[in-house]
Amino acid sequence: MKVFNIIAVLIFVGVVGFITYSLIIDSDRKYYITTHVEVATINEKLNLSGYVFPSKEIDVKPQISGVVDAVYASVGDRVKEGDPIASVCLVPNSSEVEQLNNAVNLAQIALSAAQTTYNRQKQLIERNVISKAEFEISEKEYQVAKENYSTAVVQLSLRQKGNKTPNNIIRSSTDGVIIDIPVKVGSSVVERGNFNAGTTVATIAGDDHYVFRAEVLEKNIGSLYLGMPVCLELIAYEGVAIEAIITNISAKGEMRDGTVKFPMEAEFTLQDKKIGLRSGYSATAQILLSSVVNAIALPEKCLNFKGDTIFVYVTDSLCRSVVERRVRPGLSDGEKVQIIDGVNENDLIITNYYD
């Protein structure tokens, strides 16, 4: 019985030892994940982030200086050319009022003198002492003096009381949507002039054409050209794709974050009127740079690098020997890469050699 127990223990220890030895040997053995090349279409695309703006933005400015006393429109309103936006009340200025008072006084003096001359000439013409031509001259001077005096009085009244005139009403100069009204009731505004840009009362954007603006890295700018199609996606409207056309590529780059970038613009027309675009919307652009159809392709993770050499690891399913195979890659879309030369359809390519 003792002999049987000893034999059973020896057998158990032997089995446990064999299993342990097998597990240790198996743990040192590499298991490779392999794949075959595939035929695929590879598209090289350029992704850009930028912003969308109306292609036409008009600043509406007043024709007179004063204080805004009424605003007739709001941001987002659709207006037509000539629609009232705001009105301006003239604010009396002491120096201007004084000048206008002097102008009224001078016009009154001139009117009195002209009227005296006119009355005297009228008496003389009735006596046939002077000619009709002389009388008409004095009559004309009298009428001009009356008109000058009336104008001076009106100008003084406008400045003192701020009466409403057509120039006080600020109207839209184009059709579009109001995207900004930077002034409020009580804000002071300055009229536009040759040496003064004037105060912006409202900004109106055309709602028919829009422009996408972005910056392109120096290494990619050579692949773009005018008229190139661009696919836009708006951050605010998920799943909405808009087709645009590149209309401007800057000839001057700007240094940004240590790299040279070139401003680029792409214009588009919004066909879906249900989408309400606002100036400054974020958008992403996708530009197809090149494409290869029926390309021999591999996942990019299969590629390995040593200096300037690019290679893949190829194994044999029977003897499991691993060899390096130099390859010549082509176009890549970030996930798959075209293999121009170096592998064939029957090769088993290792994807986890370093695991």
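Before any of the text, the structure's been laid out above.
The model shown is predicted, which means the values in this text are computed figures rather than measured ones.

## A look at the overall build of the protein chain
Regarding its fold elements, the protein chain presents four helices and 22 strands. Per-residue burial for the protein chain yields a buried fraction of 30% across its 355 residues. Counted over contacts in the protein chain with a minimum sequence separation of 6, partners at least 24 positions apart contribute 72%. Accessible area of the protein chain: about 22,500 Å², with a carbon and sulfur share of 52%.

## Considerations on unusual backbone geometry
Phi at Asp257 takes a positive value of approximately 55°, unusual for a residue other than glycine. In this structure, Asp257 sits in the loop between strand S14 (254-256) and strand S15 (259-269). Residue classification places Asp257 among the exposed positions, given a relative accessible area of 77%. With a phi close to 55°, Asn294 is a non-glycine residue in the positive phi region. With respect to the helices and strands, Asn294 occurs in strand S16 (residues 281-299). Residue class for Asn294 comes out exposed when judged on its relative accessible area of 61%.

## Considerations on the nonpolar core
Grouped together as the largest cluster of nonpolar side chains are 27 residues, with contacts concentrated most on Val52, Phe212, Leu277 and Ile287. Of all the secondary-structure elements, those providing two or more residues to this core are strand S2 (38-54), strand S11 (209-217), strand S12 (229-234), strand S13 (241-249), S15 and S16. Setting aside residues up to four positions removed in sequence, Val52 forms contacts with Tyr210, Val211, Phe212, Leu234, Phe268, Leu277, Arg278, Ser279, Gly280, Tyr281 and Ala283. Judged by nonpolar contacts, the second largest core, of 17 residues, contains Val60, Val68, Ile85 and Leu90.

## Let's talk about the environment of Glu191
Tracing the backbone shows Glu191 in the loop between strand S9 (188-189) and strand S10 (202-205). What makes Glu191 partly exposed here is its relative accessible area of 36%. A C-alpha to C-alpha distance of 4.6 Å links Glu191 and Ile64, two positions 127 residues apart in sequence. Here Glu191 is in contact with Pro62, Gln63, Ile64, Ser65, Asn196 and Gly198, once residues within four sequence places are set aside.

## Topic: the sheet that holds strand S5 (residues 78-79)
Taken in spatial order, the four strands of this open sheet run S3-S10-S8-S5, and their pairing is antiparallel. On the outer flanks of this sheet lie strand S3 (57-60) and S5, each paired with one strand and no other. Strand direction decides the pairing type here: S3 and S10, joined by four bridges, are antiparallel. Opposite Asp59, over in S10, you have Thr203 as the bridge partner.

Thresholds, definitions, all that
- Residues numbered from 1 in each chain as written.
- Predicted model: local features only at pLDDT ≥ 70, side-chain atom pairs only at ≥ 80, totals over all residues.
- Heavy atoms only, no water.
- Helix = DSSP H or I, 4+ residues; strand = E, 2+ residues; numbered from the N terminus.
- Buried < 20%, exposed > 50% of the residue type's maximum accessible area, 1.4 Å probe, protein only.
- Contact = heavy atoms within 4.5 Å.
- Areas by Shrake-Rupley, 256 points an atom, 1.4 Å probe, with all protein chains shown as cover.
- Core = buried A, V, L, I, M, F, W, Y, C linked by side-chain atoms within 4.5 Å.
- Pairing = 2+ DSSP bridges.

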